[in-house]
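Residue-level listing of the chains:
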Amino acid sequence: MGKGFYISKNQAIVAALLAAVAVVTIIALSIVYSKEKAKRALPLNDEKTSPVTPTSPPSNEPWDKYRLPDTLKPQSYNITLWPRLTEDAQGMYIFTGSSEVVFMCEKETDLIIIHCNKLNLTFFDGHHAKLIGMHRTAAPAIKKTWFQVETQYLVVQLKGTLKPGKAYSLSTEFKGELADDLEGFYRSEYKEDGIKKVVAITQMQATYARKAFPCFDEPAMKAIFHITLIHEPGTIALSNSREIAWVSTCLNFKMSTYLVAFIVSDFTYITKQEDNKDLMVRIWARQKAIKGGQGDYALSITQPIMEFFEKYYNTDYPLSKSDQIALPDFSAGAMENWGLVTYRETALLYDPKTSANGNKQRIATVVSHELAHMWFGNLVTLKWWNDLWLNEGFASYVEYLGADYAEPTWNIKDQIILYDMYRAFAVDSLVSSHPLSCKEEEVNKPAEISQMFNTISYSKGAAVLRMLSEFLTEPVFAKGLTTYLNQFAFGNSVYSDLWDHLQKAVDRTPQLKLPHRVHDIMNRWILQMGFPVVTIDTGTGNVSQKHFLLEPNSVVEKPSEFNYEWYIPINWMKKSGEQDQLWLLQKSGTSDFSRGQWVLANVNVSGYYRVNYDLENWERLLSQLNSNHQIIPVINRAQILDDAFNLARASIINITLALRTTKYLSLEKEYIPWEAALRSLNSLFLVFDRSDVYGAMQAYLRNQVKPLFDHFTSITGNWTTVPLGHNDQFTQIIALSLACKTGLPGCRDIIKAWFRQWMQDPDNNKIHPNLRSTVYCYAIAAGGVEEWDFGWRMFKKATVAAEAVKLRSALACTREPWLLNRYLEYTLDPEKIRKQDATSTIGSISSNIVGQPLAWNFVRARWEYLYGTGSFSFSRLINDITARFCTSFELSELKQFQKDNADVGFGSGTQALQQAIEKTTAKIKWLEDNKQQVLQWFISQSA
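Cut-off values and rules
Residues numbered from 1 in each chain as written. Predicted model: local features only at pLDDT ≥ 70, side-chain atom pairs only at ≥ 80, totals over all residues. Heavy atoms only, no water. UniProt positions renumbered as here; feature names shortened; annotations may be inferred. Helix = DSSP H or I, 4+ residues; strand = E, 2+ residues; numbered from the N terminus. Rg over C-alpha atoms; globule rule 2.2 N^0.38 Å. Buried < 20%, exposed > 50% of the residue type's maximum accessible area, 1.4 Å probe, protein only. Contact = heavy atoms within 4.5 Å. Areas by Shrake-Rupley, 256 points an atom, 1.4 Å probe, with all protein chains shown as cover. Lys, Arg positive; Asp, Glu negative; His and termini not counted. Charge placed at Lys NZ, Arg CZ, Asp CG, Glu CD. Phe/Tyr/Trp six-rings, centres within 6.5 Å; stacked < 30°, edge-to-face > 60°. Axes fitted to C-alpha atoms, helices over the stretch in contact; angles between N-to-C directions. Parallel < 35°, antiparallel > 145°, perpendicular 65-115°, else oblique. Left-handed = near helix turned anticlockwise from the far one by under 90°. Pairing = 2+ DSSP bridges. Disulfide = S-S within 2.5 Å.

The name that an unreviewed UniProt entry assigns to the chain is Aminopeptidase, with the source organism given as Pygocentrus nattereri. Quoted verbatim from the Subunit (unreviewed entry) field of the UniProt record, the comment on the chain reads "Homodimer." For the chain, the Sequence similarities (unreviewed entry) comment in UniProt is given as "Belongs to the peptidase M1 family."

Trainee: Can you walk me through the overall build of the chain in this structure?
Mentor: Within the chain, the regular secondary structure consists of 27 helices and 32 strands. Computed over C-alpha atoms, the radius of gyration of the chain comes to 29 Å, within 12% of the 30 Å expected from 2.2 N^0.38 for 943 residues, which places it in the range of a compact globule. With respect to the principal axes defined by its C-alpha atoms, the chain has extents near 85 × 70 × 60 Å. In the chain, which comprises 943 residues, the proportion classed as buried is 62%. In the chain, 73% of the contacts between residues at least 6 apart in sequence involve partners at least 24 apart. Surface summary for the chain: the accessible area is close to 35200 Å², and the carbon and sulfur share equals 49%. One way to put it: in the chain the 98 positive side-chain charges average out to a point 1 Å from where the 99 negative ones average out.

Trainee: Whenever I open this one, the packing of aromatic side chains confuses me. Can you help?
Mentor: What characterises a pair of aromatic rings is the spacing of the ring centres plus the angle enclosed by the ring planes. By the definition in use, this model includes 68 aromatic pairs. An angle of 70° between the planes, with centres 5.8 Å apart, marks the rings of Phe-685 and Tyr-694 as edge-to-face. You can call Phe-685 buried: its relative accessible area is 4%. Owing to a relative accessible area of 22%, Tyr-694 belongs among the partly exposed residues under this scheme. Between Phe-755 and Tyr-776, the ring centres sit 6.2 Å apart and the planes meet at 70°, which makes this aromatic pair edge-to-face. On the criterion of sequence distance, the pair formed by Phe-755 in helix H18 (residues 747-760) and Tyr-776 in helix H19 (residues 769-782) is long-range, its members being 21 residues apart.

Trainee: I tried to follow the packing of helix H8 (residues 455-472) against helix H10 (residues 495-507) on my own but got confused; where do I start?
Mentor: How two helices sit against one another is set out by the angle between their axes and by the gap between those axes. One can describe the packing of H8 onto H10 by two numbers: an axis separation of 12 Å at closest approach and a directional angle of 15°. Considering their axes alone, H8 and H10 lie roughly parallel with respect to each other. Handedness of the H8/H10 crossing: right-handed. Residues Leu-465, Leu-468 and Leu-472 of H8 touch H10, and the partners they reach there are Trp-499, Leu-502 and Val-506.

Trainee: Which parts of the structure should I look at to understand the sheet that holds strand E30 (residues 588-590)?
Mentor: Remark on secondary structure: sheet strands pair via backbone hydrogen bonds, oriented parallel or antiparallel. The four strands are arranged E30-E25-E24-E32 in an open sheet whose pairing can be described as mixed. With one partner strand each, in any of the chains shown, E30 and strand E32 (610-613) form the two edges of the open sheet. Averaged over all adjacent pairs, the angle separating strand axes in this sheet is 20°, with direction ignored. Sheet topology places strand E24 (residues 532-537) next to strand E25 (residues 542-547); six bridges connect them, and they run antiparallel. Paired with Val-534 across the strands is Gln-545, a residue of E25.

Trainee: What is the right way to look at the state of the cysteines in this model?
Mentor: Each disulfide consists of a covalent bond between the sulfur atoms of two cysteine residues. Scanning the model with the defined rule gives two disulfides in all. Between the sulfur atoms of Cys-740 and its disulfide mate Cys-747 the distance is 2.0 Å. Handedness here is read from the sign of the S-S torsion; for Cys-740 and Cys-747, about -85°, the answer is left-handed. The two residues Cys-740 and Cys-747 agree in class, both being buried. Bridging Cys-777 to Cys-813, the disulfide has an S-S length of 2.0 Å. Of note, the bridge from Cys-777 to Cys-813 carries an S-S torsion of about -100° and is left-handed in sense. Here Cys-813 lies in the loop between helix H21 (801-810) and helix H22 (817-826) and Cys-777 lies in helix H19, a separation of 36 residues in the sequence. In this pair, the class of Cys-777 matches that of Cys-813, namely buried. Once the bonded cysteines of the chain are numbered in order along the sequence, the disulfide links fall as 1-2, 3-4.

What follows is the structure, given as C-alpha cells:
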C-alpha cells in the first residue's frame, strides 16, 4: 500500500420526514423517506405477496438443474434494502427490498432462471417480477412465474423469446426474515450496558446471496452492484465501496455475488491518517470495543500487510477503501467481502490486558489471509467451486508471508507445517480423501459446495502451492502471479490458467531448469488425492515412492490417471551441509548418498510428502538428535517426529522407533518441535487414556517435560512473567500444560492457587493472558461446582471475545458429568451459547475423557434437530465427537448412527463421517498390533 490512510464519512441523509432515516446509496443519491413509505408495503403475510411453495419432484427441465443455464449474463444490479432492527407485531425481524438486475441475453431463450431463496415476492400484474427491454428493445410478455424450491430458483416463463445481444431488466420487490441463522442477510444480537443491540449482517458465501435478493448466484456471474440501504437515525450502513456503498468511480468494477456485503449497526471505527494515498482504511466494531483500544492492533498491521501484497502481486489494490469489521455472531472465522471484510471478534480484536500471544498471532494471520483474497479471489475469481482450493489454498499459503512482513521477529512462516501441512496429511492419508480439484459436474448442490470448504482445499492447497513456490523460487512464482492477475482482472479463471502463467515465468528464467512443464508436475498433485512417502535407502542409494495410507491394507477405489505417482522435488542434506536438489520422476530411482553420514530429506519441509529411511540412517539421525540436536534445522526436527509417528501408525516402521524420537525432547527448547511432538503424542493419548498404557505414558512424559518446566520456572521468576520471544511464549504454555497433564509435582498447585486468588478478587485477574487457557482448564477440572459456576459468571461477564473463548473452552474441562450434561444443553440456547460457538463448545466437551461419551450421546439423540437448525459445522462436529473412537463397539455405534440418519442426511459432514469410520477402523487394527509394544516401551523408559 505505502501511501497512507485518510478518513471519509459521507452519508446520504434523508429529509422531509418526522423520523429522519439515513440512506446509503452507491451512487450517492438522496432518497426521501416519504417516497419509500409510499411504496407498496411488504408485510410478511400480505395478500399481494406469494410465499414459496413446494413443487413437484425434479425433472430434466433447466429449472431442476442446480447450475444456471448459459443463456443470460448479468451486467448490473440496483438493490434497495431496508432491514428492521426491531421486532414487528408478530415478534419477527424482517427486511424489505427491491432489486433490478440488468442482464444480457447470450442465447435465445423463453426462460429467465434466477436464484431466489426464502424471499416472499410481491406480485406485479399477477407475476413475481416485471421485465422490460433496455435501449428500446422490446421485451416479451411474462407467461407465468413460479418458485422451484429444491434448486432455489425463481422461474420466469415468457410468451416470446429474449434475443441474443440484447439487454433486459428484471425487477422484483420482496421481503424476508432477518433471522439469526448466520446466512444471507441475518441479524446478530448483543448486549451493551444491559441494552440489547441488533445488527443486520451478511454472509453470502457460498450460496446465500439469493437469501438477500434475487440474483444469478454463481461466482462467474460477475456484475456491478448499486446498493442502497435504508436505516434508522443513530445507525450507520456499510457496503463494499466508499460513501458507505458503491460510488460512481467504482461502477466499472464487477464482482461475484458471494462477495457482496452490507451491514447496518451502531458500531464505530478507528482509522489512521497517512500521506499520499487515496485509500480509506478503517476498523469497525462495537463502540466499547473500539473505545477500549481493541481495534488498534489490527489497524497497525493492515497497512504493512496491504503494502506487502501490493508489492508481492505487483498490482495496486483496486478499490478506494478497505473496511474490516468485527461481528458478535459470525459463522466463519472471517469473510473476504471486497472492501468490507467481516470477522469474528476473536479474529480482529485484541486487548493487551486479556488477549494472549496466540490471539495476536491469529489476528495477524487471519487479516493477512483475508487481505490476500482482495487480489487472489476477488480481483480474479474462480470460475466454479470445484476450484475453491485455488482461492483458499493460495490465501492459506501467503497469509504466512503477509504476517511475516508485518511481524518479522516472529519467524511465523515455518508454522505452516503445524497449522496446514500436518492437518492436511491427517485427512489426505485416508482413502476417503479427495483431489484438490475435481470436475465441475461433481460439485452442484449447495451441500456439495459446502463440503469443498475443508482441510484439503485450505491446508493441502497451501502446502502444495508452497512446494511449487519453493521449486520455482519465490521471485519466479510472484512474476507468474502478476501476469495471471493482470490478464484475468475482474474476471474468472480455472487452475490451468495459473499454470500457464507460471510456465511463462519459467520460460523467461533460463537458469531455472525443471524436469517437466509446470502443468505436468502440478497436475499430479492436484488431480489425484493423497501424497507419497519417499523411502531412501542410504546403503543402496535407492529412492522410491509409494502412496501413503494410514491404513496400509485399505483399498483405494478411486482411479487415478497418474497411478498415484508424483513428480517429487527432494531437497536434502547431510551432516556436512545442504546438497543439490533431486527429482524423483518414477516409482524408484538411485542416487549417491555417501554412506557413513546421516541423510535428511525434505529440508525445510518444503515438499508435500513424508520421508522414510533405512534403519541405519534412522539410528544416525537419532544419535544426532541425542548428541547435538541443533545441527538439524528446527523445522526438520519437527518433521522427524511427525514423520516417524505417522509411519508407525501406518505400520511402515516400528512404533518403538517413533517413540525413541521423543527421547531427545528433554534437551529441546524450541516451539515447533515440541508442538509437533505433542500433536503426535496426543494421538496416543486419545487411544490410551482409557487403558493401562496411560499411567506409564504419563510417567515417561513427566520426565521429558520436567527440564522444560524447570527452564521456564527459572527464566520467568517462578512463573511470574513470560519470556520475551514470540515462540518462547508458546513453548512456555506447552511446558505448563504438559506438566499439569502428566502430574508433575507443583504444577497443579500453582494453577489452583492462581485461580483461587482470582475467585477471591474477581475484578483483579493476575493470571497472564498467555497462561489463562491452561490455568482455567486445569483449575476447573480439579474443582467442583463452585469453580464451574465462577467460570460461567466470568464468561457471561467477559467483554473481550478472546477472554470469553478461553472461559467457554475451560468450562468443558470439568470432571462432573452432570455439569457437562448441563453445558451440552446450554449449546441449544443462544441466550447462553451463541450459535456460532455451539459446535466448538460441543467439541471441547468431547475432548474431555468424561465428556466424550456424553457429547456422543447428545449429538446422536438430537441429530435430526441439530441438522435442521443449520447452525452447526457438521464436519467439525463429527470430527470432534469421534476423535477418541478406537474400539469395535464404537465403530459399530458409528455405523449405526450413519444408518439411522441416512434419511435425515449429514450435509457438509457426509465426508467427515466416512473419514471417521475409516480412521476408527485403522485405529482398531493398529491397537491390536501395537498396544503391548507401546506399554512395554513406556514401562522400560520410566522404570
